[in-house]
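Below, each chain spelled out in residue letters.
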Amino acid sequence: MKISERHDVTDIERVGVVGCGQMGAGIAEVCARAGLSVMVAETTGEALELGRTRLTNSLGKAAERGKITPEERDTTLDRLSFTTDLGEFADRDLVIEAVVENEQVKTEIFQVLDQVVTRPDAILASNTSSIPLVKLAVATSRPDQVIGIHFFNPAPVQKLVELIPALTTSDETCRRAEAVVTEILGKHAIRAQDRSGFVVNALLIPYLLSAIRMFESGTASREDIDNGMELGCAHPMGPLKLADLIGLDTVASVADSMYHEYKEALYAAPPLLQRMVDAGRLGRKTGSGFYPYA
Ligand SMILES: NC(=O)c1ccc[n+]([C@@H]2O[C@H](COP(=O)([O-])OP(=O)(O)OC[C@H]3O[C@@H](n4cnc5c(N)ncnc54)[C@H](O)[C@@H]3O)[C@@H](O)[C@H]2O)c1
């Protein structure tokens, strides 16, 4: 469907993505592949170059595997632009923030977005896994236009998106966000209340933390824990491999937010997880986590 034919569904054509790590790059790719014009922001020129390489490599692999044609790869790349200046987001219809899982960093970004984005009914969304959306909403002068749009990793592959309205989010913002996610991006949307972890992480994080506790206590080796769940329960990836894929800093931050919210022991990050984060062993993205990576 061409963008011009979609006006009955939504008038969103220009998207901004803040952060070009694993999730930001994936979200930018999904939006650009769907025909939207996407501007990506990072903190430094170096981080921006890393993000650009991540995106170019991912699109290159998609073309090599025949998921897109070489022409689609090139037109998708043409729809992407990069900046280190959030001021350039002035004309965006929708902004999706995907920076580190840190409430203060995200709050400051929402304050800046509120000042620079000129369209009065622009949607300001966060890809947060666990930070209360209402906190980001009230940091702006338009709390009715802030919503959680939570993608899964890797965003170009995973079909699911969680939509999380804050207490302040309007029905109109929800309706428009859902239209973008389902009709333009082609994802399956589920709705959840603004409670830490929403649906998927509320179930997944306690499971991952249990696997880390099991490994820490010496009950079984990392391989046996992962094989147990892959071969015994037909999971595509065991819990320690999955924690490495998500990023151990993100797993720890999400667990901390959930523990802060519910005060239940099952959400408490085990000491080994914290030590690995302190050591900079964050999983695949740093080349070392529960497993080494090339
Ligand atoms: N990793 C996952 O599996 C996963 C899945 C769903 C949602 N999330 C959420 O997505 C968000 C990002 O996670 P990630 O895995 O992509 O992390 P990541 O560490 O791969 O990337 C974070 C990026 O944010 C950038 N950044 C930090 N501060 C910034 C700022 N002020 N302006 C612009 N960029 C900034 C960093 O340079 C980095 O590139 C988090 O909120 C996380 O909870 C992660």
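The preceding data block contains the structure.
Below is a short write-up of the structure. (Residues numbered from 1 in each chain as written. Predicted model: local features only at pLDDT ≥ 70, side-chain atom pairs only at ≥ 80, totals over all residues. Heavy atoms only, no water.)

The next point concerns the packing of helix α7 (residues 200-216) against helix α9 (residues 239-246). At a minimum axis separation of 9 Å, α7 and α9 run at an interaxial angle of 115 degrees. Where α7 crosses over α9, the handedness of that crossing is left-handed. Judged by residue contacts, Leu204, Tyr207, Leu208, Ala211, Ile212 and Phe215 of α7 engage Pro239, Leu240, Leu242 and Ile246 from α9. When its residues are assigned to classes, the contact of α7 with α9 shows 10 nonpolar, no polar and no charged. (Axes fitted to C-alpha atoms, helices over the stretch in contact; angles between N-to-C directions. Helix = DSSP H or I, 4+ residues; strand = E, 2+ residues; numbered from the N terminus. Left-handed = near helix turned anticlockwise from the far one by under 90°. Contact = heavy atoms within 4.5 Å. Nonpolar A, V, L, I, M, F, W, Y, C, P; charged D, E, K, R; others polar.)

Here the focus is the pairing of strand β7 (residues 160-165). Remark: a regular strand shows side chains that alternate across the two faces of the sheet. Note: strand β6 (residues 146-151) against β7, 5 bridges, orientation antiparallel. What sits directly across from Ile149, in β7, is Leu163. Alignment of β7 against strand β8 (residues 188-191), held across 4 bridges, turns out to be parallel. Bridging from a neighbouring strand, Leu160 pairs with His188 of β8. Traced from β7 through helix α6 (residues 171-184) to β8, the parallel crossover comes out right-handed. (Pairing = 2+ DSSP bridges. Right-handed = clockwise from strand over helix to strand, strands pointing away.)

The buried fraction of α9 is high, at 6 of 8 residues. Of the positions making up α9, those classed as buried are Pro239, Leu240, Leu242, Ala243, Asp244 and Leu245. Turning to α9, the residues buried within the fold contact α1 (22-33), α7, α8 (222-233) and α10 (248-262). Once α9 finishes, Gly247 follows within two positions and takes phi at roughly 110 degrees, a positive value. (Buried < 20%, exposed > 50% of the residue type's maximum accessible area, 1.4 Å probe, protein only.)

In the region of the ligand, 24 residues are neighbours, and Glu42, Glu101, Lys106, Ser129 and Ile246 sit closest. Interatomic distance of 3.0 Å between a side-chain N/O atom of Asn127 and an oxygen atom of the ligand. Side-chain polar atom of Asn153 to an oxygen atom of the ligand: 3.2 Å apart, as the coordinates give it. A total of 830 Å² of accessible area belongs to the ligand in isolation, and the protein chains cover 85% of it. At the level of elements, α1, α4 (103-116) and β6 are the ones that each hand at least two residues to the shell around the ligand. Broken down by element, the shell around the ligand gets its largest block of residues, 3 residues, from α4. A per-class count over the shell around the ligand returns 10 nonpolar, 10 polar and 4 charged. Each of domain 1 (3-191) and domain 2 (201-286) accounts for three or more of the residues forming the shell around the ligand. (Near = heavy atom within 4 Å. Polar contact = N/O pair within 3.5 Å; in protein donor to acceptor, adjacent residues only side chain to side chain. Areas by Shrake-Rupley, 256 points an atom, 1.4 Å probe, with all protein chains shown as cover. Domains from an automatic or database assignment.)

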